[in-house]
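# A closer look at the structure
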Amino acid sequence: MSKTKTRGVSNCGDSGSPFSEIIELNVGGQVYVTRHKTLIAVPDSLLWNMFSKKSPKELARDSKGRFFLDRDGFLFRYILDYLRDLNLVLPDYFPEKSRLQREADFFQLRDLAKRLSPRVSKDNSISEEISQSDTEEGAQQCGSSGGMETLRAMSVSGAMRSPSLDSRKSGYITIGYRGSYTIGRDIQTDAKFRRVARITVCGKTSLAKEVFGDTLNESRDPDRPPERYTSRYYLKYNFLEQAFDKLTEVGFHMVACSSTGTCAYTSNDPNEDKIWTSYTEYVFCRE
């Protein structure tokens, strides 16, 4: 028997199906484990065609035998949640709705894509739905007599204001990076700087997502609530100027900077250059 057979706990899937009951997926580097019946929950969808119309040998696999999909691994969690009970539940602060709609279109989940599409009002302006938690909170603050008036006012203001303006909260974001450079024996020689290894982002989760969007690599900390602080984010690129431009575009300005440098390597050979490492932090603020 081949060792690359469908990875799973049991090979007893749906009657007549060559797939295991439990299936492992590698979606863009993220590993998911789910049931076969979950993947085929929506007829005529892409996953339904893959796991009901095709055989395991016809599907791409990674080096460990898991079925491979070259899609957004972070957003696939919401695709999988939808397939489990055909219900969509998103976090209160979720700036990736348009990208999730694109994923829903790719997986041919028409009902999900329709739910994610922005509503267009009579004057052709795009507005977002008000979440249930926001409306309930407004009604509780104003009491039962004025609750409906509050909801009406929130509905009107929500249609007039864009979501980007509503989410412009004050706060701080710290950008940090570690780099290295060499200085030759001749002090007139230019220093040789090496590429920045990684740019880290520290601050409130909601602010970090607002500023950096899909350029923020959050695979190490995907479930942190939007109002929590974190220092586990980093950027997918290595250009400080690009990070500074994004911060400036949304109203942040630099308020502080600090840097340290240490000699990481030195040789007894006077002809060899010393290698220095440095760590620098830039603090940005939006009032």
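Here the structure is a predicted model, which is why all the values come from computation and not from measurement.

## Re the overall build of the chain
A tally of helices and strands in the chain yields 9 helices and 12 strands. Counting across all 287 residues of the chain, residues that qualify as buried make up 37%. Sequence-distant contacts, at least 24 apart, represent 60% of the contacts inside the chain between residues at least 6 apart. Carbon and sulfur atoms make up 49% of the accessible area of the chain, which amounts to about 17700 Å² in all.

## What to know about the confidence of the model for the chain
Confidence in the prediction of the chain, expressed as mean pLDDT, is 75, and 63% of residues score 70 or more. Every residue in residues 1-6 is under pLDDT 50, and counting partners more than four places away or in other chains gives 11 contacts. Note that pLDDT drops below 50 for residues 154-167; the model gives that stretch 12 contacts with residues more than four away or on any other chain.

## Points about the side chain of Ser45
Take Ser45: it is sitting in the loop between helix H1 (36-39) and helix H2 (46-53). Residue classification places Ser45 among the buried positions, given a relative accessible area of 1%. Reaching out from Ser45, the side chain makes a polar contact with the backbone oxygen of Val42 at a distance of 2.7 Å. Non-local contacts of Ser45, meaning those with residues more than four positions away in its chain, are made with Phe107, Gln108 and Leu109.

## Regarding the sheet that holds strand S1 (residues 22-27)
Sheet architecture is open: 3 strands sit in the order S2-S1-S3, paired in mixed fashion. The open sheet has two edge strands with one neighbour each: strand S2 (30-35) and strand S3 (67-69). For this sheet, the mean inter-axis angle between neighbouring strands, taken without regard to orientation, is 30 degrees. Of the strand pairs in this sheet, S1 and S3 are connected by 3 bridges, and their pairing is parallel.

## Regarding the pairing of S2
Looking at chain direction, S1 and S2 are connected through 6 bridges and run antiparallel. Residue pairing for S2: Asn26 is matched across the bridge by Val31. Taken together, S1 and the strand that follows it, S2, pair antiparallel across an intervening segment of 2 residues, in which Gly28 is found at a positive phi of about 60 degrees.

## A closer look at the packing of aromatic side chains
If you walk through the whole model with that rule in mind, you get 11 aromatic pairs. Judged by centre distance (5.1 Å) and plane angle (75 degrees), the rings of Phe244 and Tyr282 are edge-to-face. Of this pair, Phe244 sits in helix H9 (residues 240-249) while Tyr282 is found in strand S12 (residues 274-286), placing the two residues 38 residues apart along the sequence. Taken together, Tyr32, Phe76, Phe106 and Phe107 form an aromatic cluster joined through their ring pairs.

## Remarks on unusual backbone geometry
If a residue is not glycine, its phi is most likely negative; likewise, a peptide bond is most likely trans. Backbone geometry places Asp44, a non-glycine residue, at a positive phi of 70 degrees. Tracing the chain through its elements places Asp44 in the loop between H1 and H2. We note that Leu86 has phi near 55 degrees; this positive angle belongs to a residue other than glycine. Counting through the fold element by element, Leu86 comes out in the loop between helix H3 (76-85) and helix H4 (97-106).

## Describing the pattern of salt bridges
Note on pairing: side chains with opposite charge can pair once their charged atoms come close. Here the structure, examined in full by the defined rule, presents 8 salt bridges. Across the salt bridge formed by Asp62 and Arg66, the nearest N and O atoms sit 2.9 Å from each other. In this structure Asp62 comes out as buried when scored by relative accessible area, which is 17%. Salt bridges linked by common partners bring Asp72, Glu96 and Arg99 together as one network.

## Description of the environment of Gly171
Here Gly171 lies in strand S6 (residues 171-183). Ignoring any residue separated from it by four or fewer positions in sequence, one finds Gly171 in contact with Leu207, Phe252, Phe284, Cys285 and Arg286.

## Examining H2
Owing to its 3.6 residues per turn, the α-helix aligns residues three or four sequence positions apart on the same side. Along H2, the residues classified as buried are Leu46, Leu47, Trp48, Met50 and Phe51. The secondary structure elements touched by the buried residues of H2 are S1, H1, S3, H3 and H4.

## Brief notes about the pairing of strand S10 (residues 229-235)
Where strand S8 (residues 199-204) lies against S10, 4 bridges are found, and the strand directions are antiparallel. Residue pairing for S10: Lys204 is matched across the bridge by Tyr229.

## Description of the nonpolar core
Across soluble globular proteins, nonpolar side chains show a tendency to be buried alongside one another. Membership of the largest hydrophobic core comes to 30 residues, with the highest contact counts inside it found for Leu25, Leu47, Phe51, Phe76, Ile79, Phe107 and Leu109. Where this core is concerned, the elements lending two or more residues are S1, H2, S3, H3, H4 and helix H5 (110-116). Here this core takes 6 residues from H3, the largest share from any one element. When residues no more than four places from it in sequence are discounted, the contact partners of Phe107 are Ser45, Leu46, Leu47, Leu69, Arg71, Phe76 and Ile79. Counting residues in each nonpolar core, the second largest holds 21 residues, with Ile173, Ile199, Leu207 and Tyr233 among its members.

Analysis parameters
- Residues numbered from 1 in each chain as written.
- Predicted model: local features only at pLDDT ≥ 70, side-chain atom pairs only at ≥ 80, totals over all residues.
- Heavy atoms only, no water.
- Helix = DSSP H or I, 4+ residues; strand = E, 2+ residues; numbered from the N terminus.
- Buried < 20%, exposed > 50% of the residue type's maximum accessible area, 1.4 Å probe, protein only.
- Contact = heavy atoms within 4.5 Å.
- Areas by Shrake-Rupley, 256 points an atom, 1.4 Å probe, with all protein chains shown as cover.
- pLDDT = per-residue confidence, 0-100.
- Polar contact = N/O pair within 3.5 Å; in protein donor to acceptor, adjacent residues only side chain to side chain.
- Pairing = 2+ DSSP bridges.
- Axes fitted to C-alpha atoms, helices over the stretch in contact; angles between N-to-C directions.
- Phe/Tyr/Trp six-rings, centres within 6.5 Å; stacked < 30°, edge-to-face > 60°.
- Salt bridge = Lys/Arg side-chain N within 4 Å of Asp/Glu carboxyl O.
- Core = buried A, V, L, I, M, F, W, Y, C linked by side-chain atoms within 4.5 Å.

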